Amino acid sequence: MAKSNPHDWLTHADRDKRGVPAGLWMLCDGCGSTVYRADVEDNLNVCPECDHHFYVPAAVRIAQLLDEDSFEEWHQGLSPLDPLEFADQKSYADRLAAEQKKTGLTEACVVGRGYMRGRPLVFGLTDAGFIMGSMGSVVGEKLTRAIEEATHLQLPLVIVSGSGGGARMHEGILSLMQMGKVSAALARFDQAGGLFISVMTHPTMGGVAASFASLGDFVIAEPKALIGFAGPRVIKSTVNMELPDDFQTSEFLLQYGFVDRIIRRHNLRSELARLIDYCGQ
Amino acid sequence: MPPLNQLVFERPIYVLEDRLADLEQQDDPSPEVRQEIRDLRVEITQKRREIFADLDAWQITQVARHPERPQTLDYLELVFDEFVELHGDRAYRDDPAMLTGLGTLDSLKVLFVGQHKGRNIKEREKHNYGMAHPEGYRKALGKMQMAAKFGLPIVCFIDTPGAYPGIEAEERGQAYNIAYNLREISKLETPIICVVIGEGGSGGALGIGIGDHIAILQYAYYSVISPEGCAGILWKDVKYRDKAAKALKFTSDNLQRLGVVDEVVEEPLGAAHRDHRQMARTLKASLMDAIRELSEFSSEELLERRYEKFRRLGVFDESADSDTAPDPDAGSDS
């Protein structure tokens, strides 16, 4: 990435990267209705018919949650390598290049600082559009640096997770170790009295759910997100029975006691700001 | 020995051993037979060395899962002089997949935590193949916190295909309980030694895998995902598990090269399942060395070392990072 414009993915985030399939009309995964694309976009990528929350790419999420132009990205140039020289049907190196081209991101994670309704904070997210938002070395490192920085700056920390992939297979054991690394950094942040709000969006699974995303002082979920440890297919083949209808949804986690609040995208920014007011500096 | 427990690539060894056994049974063997017995013994050793020097990742996976490979209950018998089992998570139930208790190694008193997979069908059902539920992780953490309070070093044996992927496990917060362990174990002010003795299955392994000295037995493996799981996702077919096993670089030599483990504990010739006692002796010596070494550190030093051990893991390129963030005391040494 060119140093001259480290935020080019932010400023150049054009309409075809807004997470809604191209075309004037689109089909909603939630209710099956055909809806007008512009209506969905104007509605924060939420279906106007059924309230289904569509995927939101990094730049749009930042625009939705943080005050205009307040986000200052950190470590944008931190980029992935291929420590295992991993190749399945496609080499990891090629896969990375393709994902970077597709998303305009260098990796599945963006961190930095910004303001939320005037409140300063450290902000991070994982983008499910980049290798399913999975956590490899770069994601782990960026989050850890952001947490360490939040500890140093004594700022509240908000991390929005969108990670269907959990720990990234292509970096093998190093991905698994990022879970330990990020969690240890959160331990120090916690001991220093820091406020961490984790926002789980669709999907938050595996090693991401089993590390930082579950460790918030507040754990918030968007409606009907898939959240869990093991994938539903793996569970189904293990237990050999039908899974409950709402299994591993936000509502399921709320019912069983692992989510504090489910918040619609429209209210997310104001509700997060309110939580910060209760506990933040 | 039933062929069921013989791995395909071990067969040449068993063939030679069978022939040796036949010859040894002869009453009053001729000098020729006696010579053949001597030659066979040498040949068997050579064959073992030859086969085990050149195992591929999938073969090592099979050794790690060998039904006769010593498991936690074997080591509790062979390595520890005493084991006082402690049950329960104080919240839901006792998880038999995760064993915890007080133990002694010669004069050293420790807290033991470890998964047990089960050595026969009955045991496997009881211990759920070493796949713990959330209460297993909570049980482990509870006992570890108790050990830290009383200054007991902690020994964790990792041997699990993974945390249990089931409906109730999700209802009871498998992800949360593993996450909570990762955070809380990083704060425990007592030495922690983790040894992967067989299968180090992903988050289920890491849930008791945060420590100050991470060791792995030579033919154990430790991976982000099982070779079958990885093959199913990336190759769309489980039959490519051998390819996945190779690609994941999860064998002990690779883990040491990547800096994830501090020590590879050598197994007896032909692997641990061929000689439980020898394996136990080596493992005990390794544990005692590690505990003695770690007991030299103050609590602050231990916690700092533990933080840095995980902090430095990861491979990335920061040459293009113009770094807009001030980086005060962060470990930016990668």
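About the cut-offs
Residues numbered from 1 in each chain as written. Chains lettered and ligands numbered in written order. Predicted model: local features only at pLDDT ≥ 70, side-chain atom pairs only at ≥ 80, totals over all residues. Heavy atoms only, no water. Contact = heavy atoms within 4.5 Å. Buried area = accessible area lost by both parts, 1.4 Å probe. Salt bridge = Lys/Arg side-chain N within 4 Å of Asp/Glu carboxyl O. Polar contact = N/O pair within 3.5 Å; in protein donor to acceptor, adjacent residues only side chain to side chain. Helix = DSSP H or I, 4+ residues; strand = E, 2+ residues; numbered from the N terminus. Pairing = 2+ DSSP bridges. Domains from an automatic or database assignment. Nonpolar A, V, L, I, M, F, W, Y, C, P; charged D, E, K, R; others polar. Buried < 20%, exposed > 50% of the residue type's maximum accessible area, 1.4 Å probe, protein only.

## With respect to the interface of chain A and chain B
- The interface of chain A with chain B comprises 69 residues on the first partner and 64 residues on the second.
- Contact between chain A and chain B buries roughly 5,800 Å² in total, counting both sides, with carbon and sulfur atoms accounting for 67%.
- In this structure, A:Glu141 and B:Arg311 form a salt bridge, with 2.9 Å as the shortest nitrogen-oxygen distance.
- Joining chain A to chain B, the criterion identifies 17 residue pairs in polar contact (both at pLDDT 80 or more).
- Listing elements by their share of the side of chain A that touches chain B, those giving two or more residues are strand S3 (72-74), helix H5 (137-153), helix H6 (172-191), helix H8 (232-239) and helix H9 (250-256) of chain A.
- By residue number, the principal contributor to the side of chain A that touches chain B is H6(A), which donates 18 residues.
- Relative to strand S9 (residues 316-317) of chain B, strand S4 (residues 79-80) of chain A runs antiparallel, the two being bridged by 2 bridges. Each residue of the ladder has a partner; that of A:Ser79, found in S9(B), is B:Asp317.

## Considering unusual backbone geometry
All names here are of chain A.
- A cis amide bond links His202 with the next residue in sequence, Pro203, at an omega value of -10°.
- The residue Pro203 is located in strand S8 (residues 196-205) in this model.
- Although it is not a glycine, Leu44 sits at a positive phi angle of roughly 55°.
- Mapped onto the fold, Leu44 is located in the loop between helix H2 (37-42) and helix H3 (58-65).

## Quick notes on the domain arrangement of chain B
Residue and element names in this part refer to chain B.
- Entries for chain B in the domain assignment read domain 1 (1-23 + 31-54) and domain 2 (61-311).
- For domain 1 versus domain 2, the separation of C-alpha centres amounts to 33 Å.
- If you look at the interface, domain 1 gives 12 residues, while domain 2 gives 11 residues.
- Between domain 1 and domain 2, a total of about 1,100 Å² is buried, with carbon and sulfur atoms accounting for 57% of that surface.
- In this structure, the connection of domain 1 to domain 2 is made through 1 salt bridge.
- Counting the contacts that link domain 1 with domain 2 gives 5 residue pairs in polar contact (both at pLDDT 80 or more).
- By residue number, the principal contributor to the side of domain 1 that touches domain 2 is helix H2 (residues 31-52), which donates 4 residues.
- Along the lines of polarity and charge, the residues of the side of domain 1 that touches domain 2 split into 6 nonpolar, 2 polar and 4 charged.

## Here's the deal with the pattern of salt bridges
Residues and elements named next belong to chain B.
- The final tally for this structure, using the stated rule, is 46 salt bridges over all chains.
- A salt bridge links Asp95 to Arg93; the shortest N-O distance between them is 3.6 Å.
- When its relative accessible area of 32% is taken as the criterion, Arg93 is described as partly exposed.
- Between Arg172 and Glu135 there is a salt bridge, with the nearest N and O atoms lying 2.8 Å from each other.

## Topic: the pairing of strand S6 (residues 119-126) of chain A
Residues and elements named next belong to chain A.
- Buried residues dominate S6, accounting for 6 of its 8 residues.
- Two strands pair when backbone bridges link them, and strand S5 (residues 109-116) and S6 are joined in this way by 8 bridges, in the antiparallel orientation. Opposite Cys109, over in S6, you have Thr126 as the bridge partner.
- Once S5 ends, the chain turns through 2 residues before running back antiparallel as S6, passing Arg117 with a positive phi of about 50°.

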